[in-house]
Amino acid sequence: MSKREIICRCEEVTKEEIIQALQAGDTSLEAIKKRTRAGMGYCQGKSCKRLVAKLLSAYLGMPVAHFLPGSIRYPVGPVTLKVIADLDLAGGKENEN
Ligand code: FES
């Protein structure tokens, strides 16, 4: 891997920028995300999160799994107000509109 390698293609964040964030004291995915925008792109980190975690792991000498979240949160799609209005939040009968 060279330093010019793109880690987050959505936000065009390079390996060099991730390493600079690590050297500045960022030691979590969230901290690196805030500084570099890696993981804030269209795919919401599905492509780059693991690569950033690998760099964190190598830099800090800890297992990759330590830096990855327990579950992946996929982007939410648009929902109409009718769908929300028809939800049965109280556990009673559904609205019949
Ligand atoms: S590749 Fe990083 S957010 Fe998509």
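Refer to the preceding data block for the structure.
Reading the values: the criteria
Residues numbered from 1 in each chain as written. Predicted model: local features only at pLDDT ≥ 70, side-chain atom pairs only at ≥ 80, totals over all residues. Helix = DSSP H or I, 4+ residues; strand = E, 2+ residues; numbered from the N terminus. Buried ≥ 20, exposed ≤ 12 C-beta atoms within 10 Å, placed from the backbone. Arc of directions from axis to C-beta. Contact = placed C-beta atoms within 7 Å. Axes fitted to C-alpha atoms, helices over the stretch in contact; angles between N-to-C directions. Parallel < 35°, antiparallel > 145°, perpendicular 65-115°, else oblique. Left-handed = near helix turned anticlockwise from the far one by under 90°. Nonpolar A, V, L, I, M, F, W, Y, C, P; charged D, E, K, R; others polar.

Colleague: Even after reading the chapter, I still don't get the overall build of the protein chain, so can you show me in this structure?
Modeller: The secondary structure content of the protein chain amounts to 4 helices and 2 strands. When burial is assessed residue by residue, the protein chain has 20% of its 97 residues classed as buried.

Colleague: Hey, could you run me through helix α1 (residues 15-23) in this one?
Modeller: Residues lying three or four places apart along an α-helix face the same way, a consequence of the helix completing one turn every 3.6 residues. Of all the positions in α1, only Glu17, Ile18 and Ala21 are classed as buried. Taken end-on, α1 shows its buried residues confined to a sector of 100 degrees, consistent with a single buried face. In this fold, the buried residues of α1 make contact with β1 (6-8), β2 (13-14), α2 (29-36) and α3 (49-60). Just downstream of α1 lies Gly25, where phi reads positive at about 105 degrees.

Colleague: How should I be thinking about unusual backbone geometry in this particular structure?
Modeller: A negative phi angle characterises most non-glycine residues, just as the trans form characterises most peptide bonds. The phi dihedral of Arg37 falls on the positive side, at around 75 degrees, and the residue is not glycine. On the basis of neighbour count, Arg37 is assigned to the partly exposed category, with 15 C-beta atoms found within 10 Å. Unusually for a residue other than glycine, Gln44 sits at a positive phi of about 55 degrees. Tracing the backbone shows Gln44 in the loop between α2 and α3. With 16 C-beta atoms packed within 10 Å, Gln44 lands in the partly exposed category.

Colleague: What is the right way to look at α2 in this model?
Modeller: Taken residue by residue, α2 has Ile32, Lys33 and Thr36 as its buried positions. Buried residues of α2, seen end-on, are gathered within an arc of 105 degrees and therefore sit on one face of the element. Lining the buried residues of α2 we find β2, α1 and α3. Looking one or two places after α2, you find Arg37, whose phi comes out positive at around 75 degrees.

Colleague: How should I be thinking about the packing of α1 against α3 in this particular structure?
Modeller: Packed helix pairs are specified by the crossing angle of their axes together with the interaxial distance, meaning the distance between the axes. For the pair α1 and α3, interaxial distance at closest approach is 11 Å and the crossing angle is 45 degrees. Here α1 lies oblique to α3, going by the angle between them. Taken as a pair, α1 and α3 cross one another with a handedness that is right-handed. Residues Lys15, Ile18 and Leu22 of α1 pack against Val52, Leu55 and Tyr59 of α3. When its residues are assigned to classes, the contact of α1 with α3 shows 5 nonpolar, no polar and 1 charged.

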